[in-house]
Amino acid sequence: MTCTRAWKKASSCGPCLPLTEPHMARGRSQQYIFSGIARGYASQAPGSSPPSRLSSGAARYMSAASSARAMKRALDRDVIVSVLEVSATKRDAKGYLQKYTSRNQKNTKNPKNPKALADTPKFVQAGANQDALPDAPQPLHVAIMRFRAPQEIDSETLRGVGKTLAQLRKLGLSSVVVVDCGVEESRLVVQDQVFRLCEAIDAYGEPGTRLVKDIFYHRAPSSETSPSFLSTDIHLEDRGLIERMLRDGKIPVIPSVVARDVTRPSQPIDSNKIVLALTRYFAGLQFNDRTESNGEDAELVRPKTVASVERIILLDPLGAIPATGRRAWHRFINIEQEYTSIMKELMGPDGSPLAHENPARASVTAHAANLDLARDALAMLPSTSSALITTPSAAANTHVPSSGSSTSITSFDFGDMVTTRRKKNPLIHNLLTDKPVFSSSLPVPRAHIDAKPLASELSSVSTLLKRGMPLTVFPDARLNSWRPPVPGGPRLRLTDNCIDLPRLVHLIEDSFGRKLDVKDYLKRVNDNLAGIIIAGEYEGGAILTWEIPDGLDERTAYEQRRLVPYLDKFAVLKKSQGSGGVADVVFNAMVRGAFPDGVCWRSRKDNPVNKWYFERSAGTEKLPGCNWTMFWTTPGLDSRHPALLDYESVCRGVEPSWADNKHILD
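Structure report, in brief. (Residues numbered from 1 in each chain as written. Predicted model: local features only at pLDDT ≥ 70, side-chain atom pairs only at ≥ 80, totals over all residues. Heavy atoms only, no water.)

Examining the overall build of the protein
Consideration 1: Helix and strand content of the protein: 18 helices and 25 strands.
Consideration 2: Buried positions account for 46% of the 666 residues belonging to the protein.
Consideration 3: Taking the intrachain contacts of the protein between residues at least 6 apart in sequence as the baseline, contacts between residues at least 24 apart amount to 71%.
Consideration 4: Accessible area for the protein stands at about 34200 Å²; split by element, carbon and sulfur atoms hold 53% of it. (Helix = DSSP H or I, 4+ residues; strand = E, 2+ residues; numbered from the N terminus. Buried < 20%, exposed > 50% of the residue type's maximum accessible area, 1.4 Å probe, protein only. Contact = heavy atoms within 4.5 Å. Areas by Shrake-Rupley, 256 points an atom, 1.4 Å probe, with all protein chains shown as cover.)

Printed below as a string of structure tokens:
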């Protein structure tokens, strides 16, 4: 790229100072002098890729038009490959198409199949005036991305991030990027990194990016209101500028700088405040104090909702939120249920980081700040919105293997090879499926190719966060896991006042698509109920029992510790199946809280859910002579372990309680 074209490209990112030829001068290190400030682009550094050469050996640069066409073809190809790699289910694909394709169809010229496009479901808000406003603009689907420490990112990774942002835009999700270089950096460093990111995104074609500045200002918060994420000293005033950019397809890039007043230059501030201010603005929660001309007291005016914020994306070199005490990470966080416990893990009960060394303390504090930011932002958004915390390298779909790992490849001098494509891009995967790359209920070793996760992999994984739903567990398993009750002693029953039996029955019947013989079911489970797990407002749940192996009575089984923990019913409402993480939340509560030592269950051999069960069980066995497959999560059981005989006895002997009397099917 020539000097003139490079600076014209950078200046087109936003309302920069006027740029003319005399303002440019080339240095020996390919740096450019702009208004007395030296700055350069990483893509033009000495280590960048050499120009393409013809077979004759003559050096030749591609023309701007040819380069743009090549970039567009490469981007289109990569979008298709990324979509195919995700392997979304039919339900995932339907959810994505209903929400994101209507805007793409509107921008598509000369569709080959207009009838098919017209019949495609569209994501619109129904209302009384829907028929009267046929030409109403399509809703904007937006992701607010905070990119932390881009100055630490190499040029290849930055180009990968730019490609992913271009792919998200092509798939229907527009991005607003907040660049965070740290409050200790100068505004010149922030400016340089903003231009780097703009160039990386603009390399993948129009509509490109737009630099947005001077739209945030400090406002003294009211002393009468208690501090919260809704009352802040950062206010956004852009008069529709960002909305116009998004409707034009541009990606706004915003430096995290704010001026204290008009007399002082802008200085870097906490980027979390910028993200929350943007969230309030888009969600229509940025309130303005307006004094009427008649002298009456100021009234609170709420602006309109500008866009639907679908994702809060935090690109952070630290990566996913770690799980304290084990070399793992949180793949999915149900904030409603897990925020307090995870924050205590990170910060300790006294509010201070558990780590003692300064670098570790800073890392722990940063993870806690990311968790707080995700919680506060999602609290202002619909329950369908989510937050994703990942690294720039993961978002760029690049991965550098650990230098300490030893594989057969290293002996052939490929140990330092950079894999240019990961199996799944977490941002693309989450957009198309609304799920984390690895399910949170999947055992940690099965989320990796190797038996154990490498230390280097933990810095390039992702955490998906949702506002989530409350989790109700009877009896409470937060302090102690469930234990068999003493024979003849008090126990929980499904007819107790703490359980809404009609809603529980509806949950089971909706999930299984069959009518339950309630009277017969209560007769079978009420006296041996171990506990019940309820997610949300009976959106999902599990009923677990203590079963007696064949040939034993209750007293003998209790004294010999042979009562079998059995998953009798695992149900999720059809509308919640495959989304929201309901099944994962219930399953994790069962295997991590209620029965950490193991539980067993059965499923018919042709049940399509068995693949999900296979991935999460410690062992499985197809029972001969019947249509059942047995699963268990108890570790360390081989084929000769006596506990498996008790498990098999229970799985064969439990009688179903369906009203249609088809006992062999469950």
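Side note on the environment of Val189
Consideration 1: With respect to the helices and strands, Val189 occurs in helix 6 (residues 187–202).
Consideration 2: The class for Val189 is partly exposed, based on a relative accessible area of 26%.

Observations concerning the pattern of salt bridges
Consideration 1: Throughout the structure, instances matching the rule amount to 20 salt bridges.
Consideration 2: Residues Asp372 and Arg375 are paired through a salt bridge, measuring 3.6 Å at the closest nitrogen-oxygen approach. Note that Asp372 and Arg375 are positioned in helix 10 (residues 358–378) at a spacing of three residues, about one turn of the helix.
Consideration 3: By sharing partners, the salt bridges in this structure join Arg524, Glu547, Asp568 and Lys569 into a single network. (Salt bridge = Lys/Arg side-chain N within 4 Å of Asp/Glu carboxyl O.)

Observations concerning the sheet that holds strand 18 (residues 463–466)
Consideration 1: One open sheet holds the eight strands; their spatial order is 5-8-4-3-13-17-18-16, and the pairing between them is mixed. On the outer flanks of this sheet lie strand 5 (209–211) and strand 16 (332–334), each paired with one strand and no other. Going across the sheet, the axis of each strand differs from the next one's by a mean of 20 degrees, ignoring polarity.
Consideration 2: Relative to strand 4 (residues 174–180), strand 3 (residues 141–148) runs parallel, the two sharing seven bridges. Looking at the pairing, Arg148 lines up with Asp180 of strand 4.
Consideration 3: Contacts from helix 6 reach strand 3, strand 4, strand 5 and strand 8 (251–255) within the one sheet, and its direction differs from that of strand 8 by about 165 degrees.
Consideration 4: Against the sheet, helix 8 (residues 271–283) contacts strand 3, strand 4, strand 8 and strand 13 (308–315), and its axis sits at roughly 175 degrees relative to strand 3. (Pairing = 2+ DSSP bridges. Axes fitted to C-alpha atoms, helices over the stretch in contact; angles between N-to-C directions.)

A closer look at the packing of aromatic side chains
Consideration 1: Evaluated as defined, the whole model comprises 13 aromatic pairs.
Consideration 2: Cluster of aromatic residues (ring-pair linked, three or more members): Phe570, Phe587, Trp601, Trp612, Tyr613, Phe614 and Phe631.
Consideration 3: Directly above the aromatic system of Trp329 lies the positively charged group of Arg331, at a separation of 5.8 Å from the ring centroid.
Consideration 4: The ring of Trp628 carries the charged tip of Arg602 above its face, separated from the ring centre by 3.9 Å. (Phe/Tyr/Trp six-rings, centres within 6.5 Å; stacked < 30°, edge-to-face > 60°. Lys NZ or Arg CZ within 6 Å of the ring centre and 35° of its normal.)

Quick word on the nonpolar core
Most often, soluble globular proteins keep nonpolar side chains buried together rather than apart.
Consideration 1: Phe216, Leu278, Phe282, Leu371 and Leu465 are the most contacted members of the largest nonpolar core, which has 50 residues in total.
Consideration 2: When residues of this core are assigned to their parent elements, the largest contribution, eight residues, is made by helix 8.
Consideration 3: Residues in contact with Leu278, not counting those within four places in the same chain, are Ile144, Val176, Val178, Phe216, Leu236, Ile242 and Ile254.
Consideration 4: If you look at the next biggest cluster of nonpolar residues, it comprises 35 residues, including Val179, Leu197, Ile251 and Ala396. (Core = buried A, V, L, I, M, F, W, Y, C linked by side-chain atoms within 4.5 Å.)

As for the side chain of Ser440
Consideration 1: With respect to the helices and strands, Ser440 occurs in the loop between helix 12 (426–433) and strand 18.
Consideration 2: The class of Ser440 is buried, set by a relative accessible area of 4%.
Consideration 3: Polar side-chain contacts of Ser440 include one of 3.4 Å to the side chain of Asn588. (Polar contact = N/O pair within 3.5 Å; in protein donor to acceptor, adjacent residues only side chain to side chain.)

Points about unusual backbone geometry
Trans is the common state for peptide bonds, and a negative phi is the common state for residues other than glycine.
Consideration 1: The peptide bond linking Glu206 to Pro207 adopts the cis configuration, its omega dihedral lying at 5 degrees.
Consideration 2: For the bond running from Phe474 to Pro475, omega is -10 degrees, close enough to zero to count as cis.
Consideration 3: One can find Pro475 in the loop between strand 19 (471–474) and helix 13 (501–512).
Consideration 4: Of note in this structure, Asp434 is not a glycine but carries a positive phi near 60 degrees.

Notes on helix 12
Consideration 1: In terms of burial, helix 12 is largely enclosed, as eight of its eight residues are buried.
Consideration 2: Pro426, Leu427, Ile428, His429, Asn430, Leu431, Leu432 and Thr433 are the residues of helix 12 that are buried.
Consideration 3: The residue sitting at the N-terminus of helix 12 and contributing the capping side-chain oxygen is Asn425; that oxygen lies 2.9 Å from the backbone nitrogen of Leu427.

Brief notes about the pairing of strand 21 (residues 540–547)
Consideration 1: With eight of eight residues buried, strand 21 lies mostly within the body of the structure.
Consideration 2: Along strand 21, one buried face is formed by Gly540, Ala542, Leu544 and Trp546 and the opposite face, lined by Gly541, Ile543, Thr545 and Glu547, is buried too.
Consideration 3: Two strands pair when backbone bridges link them, and strand 20 (residues 529–535) and strand 21 are joined in this way by six bridges, in the antiparallel orientation. In the sheet register, Ile533 faces strand 21, and the bridge partner there is Ala542.
Consideration 4: Between strand 20 and the antiparallel strand that follows it, strand 21, lie four residues; Gly536 among them carries a positive phi value of about 60 degrees.

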